[in-house]
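Close look at the chain arrangement
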Amino acid sequence: MVEQVATEIADMETRGAATIADAAADALRVQAEESEAETPEAFRAEIRAAARHLLDTRPTAVSLPNALRYVLRRVEGDSVEALRRSTVSAAGTFCAQLDRAQDDLGKVGANRLRDGDVVMTHCHSTDVLACVEAAREQGKELSAIVKETRPRNQGHITAERLRELDVPVTLIVDSAARRYLNDVDHVLVGADAIAADGSVINKIGTSGLAVNARDRGTPIMVVAQTIKLHPDTLTGHTVEIEMREESEIIDETDREAIGEIAVDNPAFDVTPPRYLDAIVTEHGQFPPESIVTLMRELFGEGTTEPWAERAQGRESTGEVP
Ligand code: RUB
């Protein structure tokens, strides 16, 4: 099961920061349920190995280590059965909280949207869609300009979900975004990670969109549950940007026809806080520069790596995530 979930995350069949976190926590639950470990030590080692395997899939979305950390910190007990129970319960609580957080942030984000607004989206974010859904439930009519989001075209998924919410959609190529920004009331984007200085790491193209939106005076709102807050950035660590296969951009035949070229495929980029208007979380909306206060409240000053081969102690502070 862990093997399968890890492959699905790496291949992007399971994708998007919240969905990845949910799948990873659930994979630990199944691992615990199916474990044949005979001693508490063997059980703990097995769960830690499963977490490491999941962690190795994609490096950028911090929701993944945050989910694993949440569950592993709550693996408690002196017997295999007690350990199993606590793991299953922690994973269940995590997934339920994830759903609740998305509902809560949806309502906060919806308050920023007015009846008749046009929104522009980039990539596919379930947190963004939660805002649109909440706004629709409030009876607001919205329409959307949806960027296709090369190279993987996650904009197609967004377009489909928006149509399910009865939102009229205009699909555009990424490079057309600036032309449409004058007609847009809000740019809505999700996040894979948010750094302590309020920088937002999201799908490649987000930073260019934000700079253009600022130039045009179009507000840009980041919608992100607090599992997207990157605790390691409190202590100066940077966020690794995933580089993906060249084949996502160009096939071998076209490439050979062009001649010798290098091809780079960064999956994410970093948008500095000065280009962003608000970060909407389940705890309310924050100016990007002040997100660090929420981060300290939730995580304390640092994190441990409970999946390490040799287990570390419990984390020093923080409740959830
Ligand atoms: C997905 C992406 C999404 C965030 C937020 O990238 O950048 O904007 O993950 O999504 P990829 P959500 O397709 O490479 O995984 O709000 O669903 O967590």
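See the structure above.
This write-up is about the structure you can find in this document. For clarity, every value in this text was computed on a predicted model and none was experimentally measured. Going along each chain's sequence as written, the residues are numbered from 1 onward. Totals for whole chains, interfaces and linings use every residue, but because this is a predicted model, local features are given only for residues with pLDDT of at least 70 and side-chain atom pairs only at 80 or more, for both listing and counting. Hydrogens and water are ignored here; the side-chain numbers use all heavy atoms of the structure.

What about the sheet that holds strand S8 (residues 268-271)?
Rules: Strand pairing is assigned whenever DSSP detects at least two bridges linking the two strands. Only runs of H or I of at least four residues qualify as helices and only runs of E of at least two qualify as strands under DSSP, and these elements are numbered from the N terminus.
Sheet architecture is open: three strands sit in the order S5-S6-S8, paired in antiparallel fashion. Whereas interior strands pair on both sides, the edge strands pair on one side only; in this sheet they are strand S5 (193-194) and S8.

Structural notes on the pattern of salt bridges
To keep it simple, the criterion reads: The salt bridge criterion pairs a side-chain nitrogen of Lys or Arg with a carboxyl oxygen of Asp or Glu, the two atoms within 4 Å.
Under the definition given, this model contains 17 salt bridges. The salt bridge involving Asp-185 is made with Arg-114; its shortest N-O contact spans 3.7 Å. Here Asp-185, found in the loop between helix H8 (177-180) and strand S4 (186-189), pairs with Arg-114, found in the loop between helix H5 (80-112) and strand S1 (118-121); they are 71 residues apart in sequence, far enough to count as distant.

Quick word on the packing of helix H1 (residues 2-10) against helix H2 (residues 17-34)
Heads up, the condition is: The convention used is that axes are lines fitted to C-alpha atoms, helices contributing only their stretch in contact, and that angles between N-to-C directions extend from 0 to 180 degrees. Between 65 and 115 degrees an angle is taken as roughly perpendicular, under 35 as roughly parallel, over 145 as roughly antiparallel, and anywhere else as oblique. A clockwise turn of the near helix away from the far one marks a right-handed crossing, whereas an anticlockwise turn of less than a right angle marks a left-handed crossing. The contact rule is simple, with two residues in contact once any of their heavy atoms fall within 4.5 Å. The nonpolar class holds Ala, Val, Leu, Ile, Met, Phe, Trp, Tyr, Cys and Pro. Asp, Glu, Lys and Arg form the charged class, and all remaining residues, Gly among them, are polar.
At a minimum axis separation of 9 Å, H1 and H2 run at an interaxial angle of 170 degrees. Classed by the angle they form, the pair H1 and H2 counts as roughly antiparallel. Once H1 is placed against H2, the crossing between them reads as left-handed. Two secondary-structure elements touch here, H1 through Val-2, Val-5 and Ile-9 and H2 through Ile-20, Ala-23, Ala-27 and Gln-31. Residue classes in the contact of H1 with H2 are distributed as six nonpolar, one polar and no charged.

A short note on the nonpolar core
For the record, the criterion: As used in this record, nonpolar core signifies buried Ala, Val, Leu, Ile, Met, Phe, Trp, Tyr and Cys residues forming a set joined through side-chain atoms within 4.5 Å. When accessible area is computed with a 1.4 Å probe and restricted to protein chains, residues below 20% of their type maximum are described as buried, those above 50% as exposed, and intermediate ones as partly exposed.
Among the nonpolar cores identified, the biggest contains 34 residues, and Leu-28, Phe-43, Leu-54, Leu-68, Val-71 and Phe-94 are the most heavily contacted of them. The element that contributes the greatest number of residues to this core is H2, accounting for eight residues. Apart from the residues within four sequence positions on either side, Leu-28 is in contact with Ile-47, Ala-50, Ala-51, Leu-54, Leu-68, Val-71, Leu-72 and Thr-87. Among the nonpolar cores identified, the runner-up in size contains 32 residues, and Ile-145, Leu-181, Val-187 and Leu-294 belong to it.

Some remarks on helix H6 (residues 126-137)
As a reminder of what qualifies: To estimate how far a helix should extend, the number of its residues minus one is multiplied by 1.5 Å. Polar contact criterion, stated in full: a pair of N or O atoms within 3.5 Å, where within protein one must be able to donate a hydrogen and the other to accept it, and residues adjacent in sequence count only if both atoms are side-chain atoms.
Here H6 is twelve residues long and its end C-alpha atoms lie 16 Å apart, about the 16 Å a rise of 1.5 Å per residue gives. For H6, every residue scored as buried is listed here: Asp-127, Val-128, Leu-129, Ala-130, Cys-131, Val-132, Ala-134 and Ala-135. Contacts made by the buried residues of H6 are with H5, S1, helix H7 (154-164), S4 and strand S7 (220-223). For H6, the N-terminal capping position is held by Ser-125, with its side-chain oxygen 3.2 Å away from the main-chain nitrogen of Asp-127. Just beyond H6, the residue with positive phi is Gly-139, at close to 90 degrees.

Side note on helix H3 (residues 40-55)
Put simply, the rule is: The directions from the helix axis to the C-beta atoms are what the arc is built from.
For H3, with 16 residues, the first-to-last C-alpha span of 22 Å sits near the 22 Å given by 1.5 Å per residue. Along H3, the residues that are buried comprise Phe-43, Ile-47, Arg-48, Ala-50, Ala-51 and Leu-54. The arc enclosing the buried residues of H3, seen along the axis, measures out at 155 degrees, which places them on a common side. Looking at the packing, one finds that the buried side of H3 touches H1, H2, helix H4 (63-72) and H5.

Examining the pairing of strand S9 (residues 278-281)
Here S9 shows two buried faces, one formed by Ala-278 and Val-280 and the other by Ile-279 and Thr-281. As paired strands, S7 and S9 are joined by three bridges and run parallel to one another. Note on S9: the bridge partner recorded for Val-223 is Val-280. Examined bridge by bridge, S9 and strand S10 (residues 284-286) share three bridges and lie antiparallel to one another. By the bridge assignment for S10, Thr-281 is matched with Gly-284. Counted along the chain from S9 to the antiparallel partner S10, the turn is two residues long.

Examining the packing of aromatic side chains
Quick note on the threshold: When the centres of two rings from Phe, Tyr and Trp lie within 6.5 Å, Trp using its six-membered ring, the rings pair. Their planes under 30 degrees apart give stacked, over 60 give edge-to-face, and anything left gives tilted.
Scanning all chains against the criterion turns up one aromatic pair. With 5.3 Å between their ring centres and 55 degrees between their planes, Tyr-70 and Phe-94 make a pair best called tilted. In this pair, Tyr-70 sits in helix H4 while Phe-94 sits in helix H5, placing the two residues 24 residues apart along the sequence. Judged by relative accessible area, which is 4%, Tyr-70 ranks as buried.

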